[in-house]
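# Descriptive analysis of the structure
One letter stands for each residue in the lines below.
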Amino acid sequence: SVLCVALPYSALPAGAPTPSDGPRYARYLQGPDYHDDLKDRLARTLERVSTANPGLEFKSCVDTSAVLERAWCALAGLGWIGKNTMLIHPQYGSYLFLGVALLNQKTHRGPAPHPDYCGSCTRCLEGCPTGAFTAPRRMDARKCISYLTLEKRGPHTSDESGLIGSWVAGCDLCQEVCPFNRKPATRSSEIPTIENATQLSQWLALLAETEENYASRIARSALSRIQWNEFQRNLAETLLNQSGELTDRKKIAEAARMKAETLTEHADLVWLRSLWQRLAEELGS
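Attention in this report is confined to the structure presented alongside it.

Conventions we followed
- Residues numbered from 1 in each chain as written.
- Predicted model: local features only at pLDDT ≥ 70, side-chain atom pairs only at ≥ 80, totals over all residues.
- Heavy atoms only, no water.
- Helix = DSSP H or I, 4+ residues; strand = E, 2+ residues; numbered from the N terminus.
- Contact = heavy atoms within 4.5 Å.
- Areas by Shrake-Rupley, 256 points an atom, 1.4 Å probe, with all protein chains shown as cover.
- Buried < 20%, exposed > 50% of the residue type's maximum accessible area, 1.4 Å probe, protein only.
- Core = buried A, V, L, I, M, F, W, Y, C linked by side-chain atoms within 4.5 Å.

Each helix and strand counted, the protein chain has 11 helices and 9 strands in total. Here the analysis covers contacts within the protein chain between residues at least 6 apart in sequence; of these, 72% occur between residues at least 24 apart. Approximately 15,000 Å² of the protein chain is accessible, and the part contributed by carbon and sulfur atoms is 51%.

Following this line, the structure appears as structure tokens:
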């Protein structure tokens, strides 16, 4: 049998404005690493159950195994698969961490899928700036901002750089417009340092930091799943996407030049040197 769980995570309270100034990252990245957190919760729960069932064995899966958690959670009645391909709970919306435990015993309970309440709403499909949805519940992942910022390795094309907009890591746009997320559940979480950066100078300082400093700063957060070179790539591109003033673009170009000069042997950061060269041509210097 499969035991399915859904844990609400921090989201904006009802009526709160959506942050739009400066680079952004998905809300699920704002707290401790959910992979470890949810796996620990599942293990503690099942270890207590196993005291009454000595033969119980289990394997926990939280977003890193060859298991599609949302499909099992939908069969278990924890919500339905929305048009944005996310599992939506009628009370908690889609801001959910999902996990399953594969059990070696029967629970003698069958599937109990939840009704689909999306109706005729298409806000999520229309709200995706990259057109990643090819149809309701069908996505071309190669166009998804989450894929471009978290999964893609190496340099972005010029088109991809523009598509990510202000998102350094992940994207919440198809969830932010969902009516079922108007009153999301909230719980406290630790906010990584990146959230506290508000001025261009602070963002440029993050662009200049070493791989060791980055690893230390995000060690216990979900941001630890993002490699340093991808984070730097995304940050540089989002800063450029949002900088309209020539002075700011010159500051970003100078930061890219200084960084590139210190990484001449770092093959993964070829994109940074090309970014600096492109900016230098654009600025005529």
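Relative to the assigned elements, Thr 130 resides in the loop between α3 (123-127) and β7 (133-135). On the basis of relative accessibility, which here comes to 12%, the residue Thr 130 falls in the buried class. Apart from residues lying up to four places away in sequence, Thr 130 is in contact with Lys 143, Cys 144, Ile 145 and Leu 163.

Looking now at the nonpolar core. The tendency in soluble globular proteins is for nonpolar side chains to be buried side by side. In this structure, Tyr 28, Leu 29, Phe 97, Ala 169, Leu 223, Ile 226 and Leu 235 are the most contacted members of the largest nonpolar core, which totals 36 residues. For this core, the element with the highest residue contribution is helix α9 (residues 228-242), accounting for 6 residues. One finds Cys 61, Val 67, Cys 73 and Ala 74 within the second-largest nonpolar core, a separate group that totals 9 residues.

With that settled, consider unusual backbone geometry. At Asp 63, a residue that is not glycine, the phi angle is positive and equals roughly 70°. Note that Asp 63 resides in the loop between β3 (58-61) and α2 (69-75). When its relative accessible area of 45% is taken as the criterion, Asp 63 is described as partly exposed. Located in the positive-phi region is His 108, a residue other than glycine, with phi close to 60°. Tracing the backbone shows His 108 in the loop between β6 (96-103) and α3.

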